[in-house]
Structures are given as C-alpha cells and as structure tokens.
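The residues making up each chain are set out below.
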Amino acid sequence: MALPALIRRIALLAGMTLIILGLMAVGLRLAAGNAPGRWLAHSQLDGRNLPGIGRISVSGLSGDPLARLHIDTLTLSDDEGVWLTAEDITLDWQARSLMSRPIRINELMINRIAVARRPVLAEPVSRNRSGSDGGLPSPPAIDLRTLAITRLVLAEGLAGLMALENGKPLEE
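Predicted, not measured: the structure shown is a model, and the values here were computed from it.

**Student:** Looking at this structure, I do not really get the pattern of salt bridges. What am I missing?
**Tutor:** Two side chains of opposite charge can pair, provided their charged atoms sit close to one another. Taken as a whole, this structure holds seven salt bridges when the rule is applied. With a shortest N-O distance of 3.5 Å, Arg68 and Glu107 are connected by a salt bridge. Taken as a pair, Arg68 in strand E3 (residues 68-78) and Glu107 in strand E5 (residues 103-115) lie far apart in primary sequence, 39 residues in all. The salt bridge involving Arg104 is made with Asp143; its shortest N-O contact spans 3.4 Å. Note that Arg104 is positioned in strand E5 and Asp143 in strand E6 (residues 142-144), a separation of 39 residues in sequence. When salt bridges that share partners are traced, they join Arg68, Asp92 and Glu107 into one network.

**Student:** Help me understand the nonpolar core, please; the structure alone is not making it clear to me.
**Tutor:** Core analysis: the largest hydrophobic core is formed by 15 residues, its most contacted members being Ile71, Leu74, Leu76, Leu84, Ala86, Ile89 and Ile113. When contributions to this core are tallied by element, the ones reaching two or more residues are strand E2 (54-64), E3, strand E4 (81-94) and E5. Ignoring anything within four residues of it in the chain, the contact list for Ile113 reads Leu84, Thr85, Ala86, Ile149, Arg151, Leu152 and Val153.

**Student:** What am I meant to see in the pairing of E3 here?
**Tutor:** For a regular strand, side chains alternate in direction, first toward one face of the sheet and then toward the other. Taking burial as the measure, the 11 residues of E3 include eight buried ones, the bulk of the element. In this structure, E2 lies alongside E3, joined through nine bridges in antiparallel fashion. Each bridged residue has a counterpart across the sheet, and for Ser62 the counterpart in E3 is His70. Count of turn residues in the E2/E3 antiparallel hairpin: three residues. One ladder, built from 10 bridges, connects E3 with E4; its direction is antiparallel. Looking at E4, one finds that Ser77 is bridged to Val82. In sequence, E3 turns back onto E4 through a hairpin of two residues.

**Student:** Where do I start with the side chain of Asp78 in this structure?
**Tutor:** Residue position: Asp78 is located in strand E3. Residue contacts for Asp78: discarding those within four places in its chain leaves Arg55, Trp83, Arg117, Arg118, Pro119 and Val120.

**Student:** Please clarify how the environment of Leu50 should be interpreted in this entry.
**Tutor:** You can see Leu50 is positioned in strand E1 (residues 49-50). Remark: the alpha-carbon pair of Leu50 and Ser77, spanning 27 residues in sequence, is separated by 10.0 Å.

Conventions adopted
- Residues numbered from 1 in each chain as written.
- Predicted model: local features only at pLDDT ≥ 70, side-chain atom pairs only at ≥ 80, totals over all residues.
- Heavy atoms only, no water.
- Salt bridge = Lys/Arg side-chain N within 4 Å of Asp/Glu carboxyl O.
- Helix = DSSP H or I, 4+ residues; strand = E, 2+ residues; numbered from the N terminus.
- Core = buried A, V, L, I, M, F, W, Y, C linked by side-chain atoms within 4.5 Å.
- Buried < 20%, exposed > 50% of the residue type's maximum accessible area, 1.4 Å probe, protein only.
- Contact = heavy atoms within 4.5 Å.
- Pairing = 2+ DSSP bridges.

Structure below.
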C-alpha cells in the first residue's frame, strides 16, 4: 500500500510542477509582449555602439517586441552627430527564429529614411567569417519576406547626381 501512495504523491508533485512551469512560461511571454518587454528591448538597443555603423538611438517603442514592433524614430550617429534617421518603422518578425536561424522577418516597413552624410568611422573595420582577427563576424542569415521604404532621402553628394522622380528633382 505504501508504494502506490508514494507513486501517486510523486505523480501529483510532477503534475503540479509542470502546471507551475507552464503558468510561468505564459506569464513571461505576456510580460515580454507588454511594457517590461518593450523596456528590455529599448534598454538593449538605445545607446548601443555598433562597430562600423555608430551609436543607435531609438524612441517611441510600442507593440510586441517578440512579434510586431513599432519604433517612431531610430537614429545612427558617430562622433560628428547623427548621420541617419529612420522614422515610423514597423518590424513584423518571428522571435523564435533566433534559435533556429535564419532570422525570419515577415515585413519591415520604414516610412522615411534620411541619410545626412557618410558616417565617420573611428577606425577601419575589417570583416571576416569568424571574427577571430578582431574584425566583425559575418551578419546572421536573414529571411526578409517584405521590405518597404516609402521615402528615402539622400543628402547631396551621397549618390552622385541629384535623384529625380518622374523627371523632377525630389523634394524633402
């Protein structure tokens, strides 16, 4: 009689443990998709120095960072200031693809990108596949399904001759 009671007790404890773990997973997912997740995404992005690109700054983060994220403004800057500004960005992606690769981005929509000048890099950046010589490692594989840039504004001299739209100079 003692053995079946012990087995029932172990089964009950195992079942309760699984239920608690499941509830914790649901709670973590809900937290990640709300204010705590946006705070974490903002803290990981804002002010980060990206080698060869510059410092990134984001403002107006909303949505679910693990599914469909919206950023009002993203800027890239170097020692001379901001050189790129992107506005009204929507990223629809699958966060679980970080584990299996390639990173799947269903849709990346950017309303406006303005490139004020070429970035000024502190030192030349070399690229290699492994990153073993101190250079940048290769970027991860990305499966980008849809990319939409509504407006791309390039400062004079960045792309050669003045850009034309339907035979007329582009206006900002």
